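Spelled out from the first residue to the last, the chains are:
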Amino acid sequence: MGKKLLGFLLAGGLVTLSFSVVGDEEIKAVRASLQKLVPGVEPQSIKPAPIPGIYEVVLEGQVFYLSQDGRYMVQGQLVDLATRTNLTEERLKVIRAAAISDLDEQNMIVFGPKQAKHTVNVFTDIDCGYCRQLHQHIEEYNALGLKIRYLAFPRAGIGSSSYDKAVEVWCAKDPHQAMTQAKAGKSVEDTAKCENPVADQFKLGQSLGVNATPTLMLEDGTVLPGLVRPQALVNLLEQKVAAHP
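Residues numbered from 1 in each chain as written. Predicted model: local features only at pLDDT ≥ 70, side-chain atom pairs only at ≥ 80, totals over all residues. Heavy atoms only, no water.

Caption draft 1: Structural context of unusual backbone geometry. At the junction of Thr-213 and Pro-214, the peptide bond is cis and its omega measures out at -5° in the coordinates. Inspection of the secondary structure assignment puts Pro-214 in the loop between helix H8 (198-207) and strand E10 (215-218). The residue Arg-84 is not glycine, and still its phi comes out positive at about 60°. Position of Arg-84 among the secondary structure elements: in the loop between strand E5 (79-80) and strand E6 (85-86). By relative accessible area, Arg-84 is classed as exposed at 70%. (Helix = DSSP H or I, 4+ residues; strand = E, 2+ residues; numbered from the N terminus. Buried < 20%, exposed > 50% of the residue type's maximum accessible area, 1.4 Å probe, protein only.)

Okay, here's the thing in structure tokens:
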């Protein structure tokens, strides 16, 4: 429901604050206002925002701001100008990281060593040109100590030809070989119908704001849209480690 819900409410951001404790009655009032907007939908979190009278709401992996009486909603990014910190993006990173960490790696198609220096999750589309370019360098990513974990994101949606190709890959006898074949524009061999995670991964990507492929999602929830070359990706990851040892 994520995108449809935000289309109804408009989208926004969630923040973590050091703020005075808000009484249960105030939270209840915000929750009641939200129920009037979207009856029956239970938010994951409601907290006070740094702006007096405004509350952050986490709902289905998305974030927005709502006034206590439900009259006003704030769309967009909340930035702390004193620290130059995008509070919305920082909170969204936490949400993405938690969602990714809850996934079973057995439902992904993984290229790389178990003991990798870094793990990168890639929402991929079989027919996407830049996705194919990324896969052409998969051995180079792996040689540099990167584990690439593929998640399906057929951009055309469930039931499209790209979706069917993804299902063929995930259901193949050898998904790794099938991924390489499919990314080279070849037909997938030794595939059959099976229970697969393609639709769930597509919906997960949508809920996390993925709208293009490839979309790289790091372990801390940072999103890198588009193709990032192997050495450039390693450099970026090492810079992040150096900045947060």
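Now that the structure has been shown, the text picks up again.
Caption draft 2: Examining the UniProt feature "domain: Disulphide bond isomerase DsbC/G N-terminal" (unreviewed entry) in the chain more closely. Per the UniProt record, "domain: Disulphide bond isomerase DsbC/G N-terminal" (unreviewed entry) is found at residues 27-89. Secondary structure over residues 27-89 splits into 22% helix and 35% strand, and the C-alpha atoms at its two ends are 23 Å apart. (UniProt positions renumbered as here; feature names shortened; annotations may be inferred.)

Caption draft 3: Highlighting helix H7 (residues 175-183). Listed as buried for H7 are Ala-178, Met-179, Gln-181, Ala-182 and Lys-183. Tucked inside the fold, the buried residues of H7 contact strand E7 (109-111), strand E8 (118-124), helix H4 (129-136), strand E9 (146-152) and helix H6 (161-170). Of the residues trailing H7, Gly-185 is marked for its positive phi of about 80°. (Contact = heavy atoms within 4.5 Å.)

Caption draft 4: Region of the structure containing the packing of H4 against H7. Viewed as axis vectors pointing N to C, H4 and H7 meet at an angle of 125°, and their least axial separation amounts to 9 Å. Comparing their axes, H7 and H4 come out oblique. Where H4 crosses over H7, the handedness of that crossing is left-handed. Of the residues in H7, those touching H4 at Cys-131, Arg-132 and His-135 are Met-179, Thr-180, Ala-182 and Lys-183. Across the contact of H4 with H7, the residue classes tally to 3 nonpolar, 2 polar and 2 charged. (Axes fitted to C-alpha atoms, helices over the stretch in contact; angles between N-to-C directions. Parallel < 35°, antiparallel > 145°, perpendicular 65-115°, else oblique. Left-handed = near helix turned anticlockwise from the far one by under 90°. Nonpolar A, V, L, I, M, F, W, Y, C, P; charged D, E, K, R; others polar.)

Caption draft 5: Geometry of the nonpolar core. Counting 32 residues, the largest nonpolar core has Val-120, Tyr-150, Val-169, Trp-170, Met-179, Leu-216 and Leu-233 as the members making the most contacts within it. Per-element tally for this core: the top contributor is H6, with 5 residues. Other than its neighbours up to four places away in sequence, Val-169 contacts Ile-109, Ile-126, Pro-175, Ala-178, Met-179, Ala-182 and Val-188. (Core = buried A, V, L, I, M, F, W, Y, C linked by side-chain atoms within 4.5 Å.)

Caption draft 6: Representation of the domain arrangement of the chain in the model. Each domain of the chain was delimited in the assignment, giving domain 1 (23-100) and domain 2 (104-243). On a C-alpha basis, the centroid separation for the pair domain 1 and domain 2 is 31 Å. The partner domain 2 presents 15 residues to the 8 residues of domain 1 that form the contact. Carbon and sulfur atoms supply 61% of the area buried between domain 1 and domain 2, which totals about 830 Å² over both sides. (Domains from an automatic or database assignment. Buried area = accessible area lost by both parts, 1.4 Å probe.)

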